[in-house]
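The lines below spell out each chain.
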Amino acid sequence: MDTSKFFDLKGKTAIVTGGANGIGKASCEILAAFGANVVVSDYNLEDAKKTSKEINGNGGKSIAIDCDVTKDEALVNLVDKTMAEFGSIEILVNNVGGGGAGKESPYDIDVEQFKKVFEMNVFSMWRLCQLVAPHMEKAGYGSIINMSSMASINKSPAISAYASSKAAINHMTRNLAFDYGPANIRINAIGPGATKTHALSTVLTPELEKAMLKHTPIKRLGEAEDIAGAVLYFAAPISSWTSGQVIFVNGGGEQTLDM
Ligand SMILES: NC(=O)c1ccc[n+]([C@@H]2O[C@H](COP(=O)([O-])OP(=O)(O)OC[C@H]3O[C@@H](n4cnc5c(N)ncnc54)[C@H](O)[C@@H]3O)[C@@H](O)[C@H]2O)c1
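Residues numbered from 1 in each chain as written. Predicted model: local features only at pLDDT ≥ 70, side-chain atom pairs only at ≥ 80, totals over all residues. Heavy atoms only, no water.

Visitor: Talk me through the site of the ligand; I want residue IDs and the actual numbers.
Guide: Near the ligand lie 27 residues; those nearest to it are D42, N95, Y162, T195 and T197. Y162 places a polar side-chain atom, nitrogen or oxygen, 2.7 Å from an oxygen atom of the ligand. Isolated, the ligand exposes 840 Å² of accessible area, and the fraction of that covered by the protein chains is 89%. (Near = heavy atom within 4 Å. Polar contact = N/O pair within 3.5 Å; in protein donor to acceptor, adjacent residues only side chain to side chain. Areas by Shrake-Rupley, 256 points an atom, 1.4 Å probe, with all protein chains shown as cover.)

What follows is the structure in structure tokens.
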């Protein structure tokens, strides 16, 4: 068995949405460390540029592109600019997602707010898959990684928009695997448990952390690089016969906001 190419991403180009911070940033860093050209895309261009600079300072190759995933013209521009800069796209990490945080009681939000969560979490991912697939097919290599959540399978109050949008990502991923498989494009999803990023810091308290750890066999919360490890597995040739899967990276347990 020749293991030398299992994690080799040299010559491949990866787009990471929401790549400036948190899980997206760690994903950019790990993909660059294993040789990929990385497009750090984010609607916070200043932070995206910082992340890209750090990667390049560590010997990687990356650029920053301004992209709000809820705007179709920004998604088209992201793909066009990536092709102009690097000439191919082999990896897409559909990482942006938001909503939830226990603020989605149907008594408090309206249907427009519910729609917005699906636009950000589901529609943008589907559309970006559609835009990158022809380039991946041409490149002869494609791996799409969609960021889901433990919320996609947990059941809690005041999180119905976020949780159902993440559940939609899981099943969209399983179904798109059939559409894209014949073109040699794999598509998988990752469901992080509670992971220490800015997003989590807006809701985490010491009491909540303690409650979460009661239901977590590995006695700590996740770090962004824990999730990035799964991104690397799906992006790299080692997983070339893995598609339509959802992997939960959660310390072996579950962490919800209402424990
Ligand atoms: N942190 C967790 O505990 C956790 C748990 C489960 C799932 N997730 C999922 O992981 C993904 C990343 O979360 P995170 O915790 O790293 O978040 P984060 O807040 O740390 O970082 C999110 C990044 O995305 C960017 N962003 C936000 N909206 C955007 C938009 N519309 N267009 C472009 N960029 C945008 C932000 O500027 C930021 O750089 C999300 O899909 C989230 O649902 C996170």
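And the narrative resumes.
Visitor: Hey, could you go over unusual backbone geometry for me, with residue numbers and the actual values?
Guide: In this model, A158 sits at a positive phi of 60°, which is unusual for a non-glycine residue. Checked against the element boundaries, A158 lands in the loop between β5 (142-147) and α5 (160-180). Judged by relative accessible area, which is 21%, A158 ranks as partly exposed. Backbone geometry at N184 places phi at a positive 65°, although glycine is not the residue there. Overall, the relative accessible area of 46% leaves N184 in the partly exposed class. (Helix = DSSP H or I, 4+ residues; strand = E, 2+ residues; numbered from the N terminus. Buried < 20%, exposed > 50% of the residue type's maximum accessible area, 1.4 Å probe, protein only.)

Visitor: Account for the packing of aromatic side chains, with residues named and values stated.
Guide: Aromatic ring pairs are defined here through the distance separating the ring centres and the angle between the ring planes. A full pass over the atoms with the stated rule returns three aromatic pairs. Ring geometry for F7 versus F34: centroids 6.3 Å apart, planes at 55°, classification tilted. With a gap of 27 residues between them, F7 in the segment before β1 (13-17) and F34 in the loop between α1 (22-33) and β2 (37-42) connect regions that are remote in the sequence. Ring centres of Y233 and F234 lie 5.4 Å apart, and the angle between their planes is 55°; this geometry places the pair in the tilted category. The class of Y233 is partly exposed, set by a relative accessible area of 31%. Its relative accessible area of 2% is what places F234 among the buried residues. The lysine or arginine in question, K12, covers the ring of Y141, its NZ or CZ lying 4.5 Å from the ring centre. (Phe/Tyr/Trp six-rings, centres within 6.5 Å; stacked < 30°, edge-to-face > 60°. Lys NZ or Arg CZ within 6 Å of the ring centre and 35° of its normal.)

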